[in-house]
Amino acid sequence: MNESNASYVARDLAHVWHPCTQMKDHEHLPLVPIRRGRGVWLEDFAGRRYLDAVSSWWVNLFGHANPRINAAIAAQLEELEHVILAGFTHEPVIALSEALVKVAPAGLTRCFYADNGSSAVEVAAKMSFHYWRNLGRTAKRRFISLANSYHGETLGALALGDVELYKATYQPLLMDVRVVGSPDCFERAPGATWAEHSTLKFALMEAALARHHEETAAVIVEPLVQCAGSMRMYDPVYLSLLRQACDRYEVHLIADEVAVGFGRTGTLFACEQAAIRPDLLCLSKGLTGGYLPLSVVMTTDAVYAAFYDEYVKMNAFLHSHSYTGNALACAAARASLAIFDADGVLAKNRTLAAHMGARAHALADHAHVAEVRQRGMIVAIELVKDKATREPYPWQERRGLRVYRHSLARGVLLRPIGNVVYFMPPYVITPEEIDLMVTVAEEGIEKATCD
Ligand code: PMP
């Protein structure tokens, strides 16, 4: 590592406590200081480049330093950086809300802003509970979520999720959430289709709703892909069945599209593939094209109306965050959203996704690959110790970390989740860059599984 990289690392490690990291790992695992980003490429202080195959934690859509988004933020900066959103408003938040209502599933007409995905989930859960309370249905105070789901790290969002690694330690602090079996198609029986498996698994949800609907405010799901839960995927039919059941049982459906929203699954929103409208839709990450922290919960006029009352009735939703609806973030979001139409992004992504899938599927025959799965612009490769029995590698062996190390050395940022290697690149990636990304993953997988 050259001098300037090394000095940044030393200064960093003296004070910065990194997210989702055992800091002791950095005694042997190099920290990578990034000087600049252009398109899919990140560059360190020695001029080494890394292809950002994970979109910087699934946020970046149109590349780093995108000229159009840069210009929108710069223009907004000349006018207004931020203003309190209670009692005041501004053009970027108005225009963004109009634009979101146009593209979201029909009927989601109200936008409530926060500044990260976890906060959006907190907003949605509180809003659902409070909606029923305003209607006098005070028994509806519990939530149902799916096994292996992930909804964020704040205490409410963590309680709603089910990834043991993040949740177990904090269990004593968490509200009690009902977790039902996931429609995850990795677990389908041999020969069963995704639709058959997801339909079969819906029986668990149906039973939970039949039994507990009177005390349930909402069901929360990550539509189609459980991203932090190792990119496990399921069939859209599950969402259709869930929508029908939620209507039947008078329970809200919260769609957490924080990770899958904005084109990741092939459609602008994953819910579109089941032609459903959730009661509450959580968006963040790609909302600003990966530039600035912003999130939004979109909901219906019916939900909104339950809070609309005389002040003294105390029915208002008195939730706030200081940076709610930040003007710079809204300007970035508008610019990012505009690129979808201007560049025909979803159509182009179909070609890129087909290429990425075709290249990655070559790995399906590998002796330690149990499955290569894909939904739109997300491809995941599940490594196992034993292909026949699907026995996983013990987590302590950290096989995914070996892939990470190899890919860094080869100039690609892959960040496997446990034993699952995945690609979720920015949409400006080229077919040649996809080839490089997959080749490096192949090499890394070979290295990580050779003993
Ligand atoms: N929901 C889902 C589905 C997510 O994937 C994430 C983040 N990975 C969150 C919520 C939390 O978002 P944030 O990290 O911005 O709090």
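For the structure, check the block above.
Residues numbered from 1 in each chain as written. Predicted model: local features only at pLDDT ≥ 70, side-chain atom pairs only at ≥ 80, totals over all residues. Heavy atoms only, no water.

(A) Looking closely at the packing of aromatic side chains. According to the stated counting rule, one finds 13 aromatic pairs in the structure shown. Between phenylalanine 307 and phenylalanine 317, the aromatic rings sit 5.8 Å apart at their centres with planes inclined by 75 degrees, giving edge-to-face as the arrangement. You can see phenylalanine 307 sitting in the loop between α10 (301–305) and α11 (327–342) and its partner phenylalanine 317 sitting in the loop between α10 and α11, a full 10 residues away along the chain. Both residues of the pair, phenylalanine 307 and phenylalanine 317, belong to the buried class. Of the aromatic side chains, those joined through ring pairs into one cluster are Phe62, Phe340 and Tyr427. One cation-aromatic arrangement involves arginine 49 over tryptophan 41; the distance from NZ or CZ to the ring centre is 4.2 Å. (Phe/Tyr/Trp six-rings, centres within 6.5 Å; stacked < 30°, edge-to-face > 60°. Helix = DSSP H or I, 4+ residues; strand = E, 2+ residues; numbered from the N terminus. Buried < 20%, exposed > 50% of the residue type's maximum accessible area, 1.4 Å probe, protein only. Lys NZ or Arg CZ within 6 Å of the ring centre and 35° of its normal.)

(B) Quick look at the site of the ligand. Surrounding the ligand, one finds Trp58, Asn116, Gly117, Ser118, Tyr150, His151, Gly152, Glu222, Asp256, Val258, Ala259 and Lys285. Between the ligand and serine 118 there is a distance of 2.6 Å, counted from an oxygen atom to a side-chain nitrogen or oxygen. At a separation of 3.0 Å, a nitrogen atom of the ligand approaches a polar side-chain atom of lysine 285. When the ligand is considered free in solution it has 390 Å² of accessible area, and contact with the protein chains removes 83% of it. For the shell around the ligand, a count of residues per class yields four nonpolar, five polar and three charged. (Near = heavy atom within 4 Å. Polar contact = N/O pair within 3.5 Å; in protein donor to acceptor, adjacent residues only side chain to side chain. Areas by Shrake-Rupley, 256 points an atom, 1.4 Å probe, with all protein chains shown as cover. Nonpolar A, V, L, I, M, F, W, Y, C, P; charged D, E, K, R; others polar.)

(C) A look at the sheet that holds strand β3 (residues 49–52). A sheet is described by the order of its strands in space; here four strands give the open sequence β1-β2-β3-β15, paired in mixed fashion. Each having just a single partner strand, β1 (34–38) and β15 (412–413) make up the two edges of the open sheet. Here β3 runs beside β15; their pairing, made up of two bridges, is parallel. Following the sheet pairing, leucine 51 is matched in β15 by valine 412. (Pairing = 2+ DSSP bridges.)

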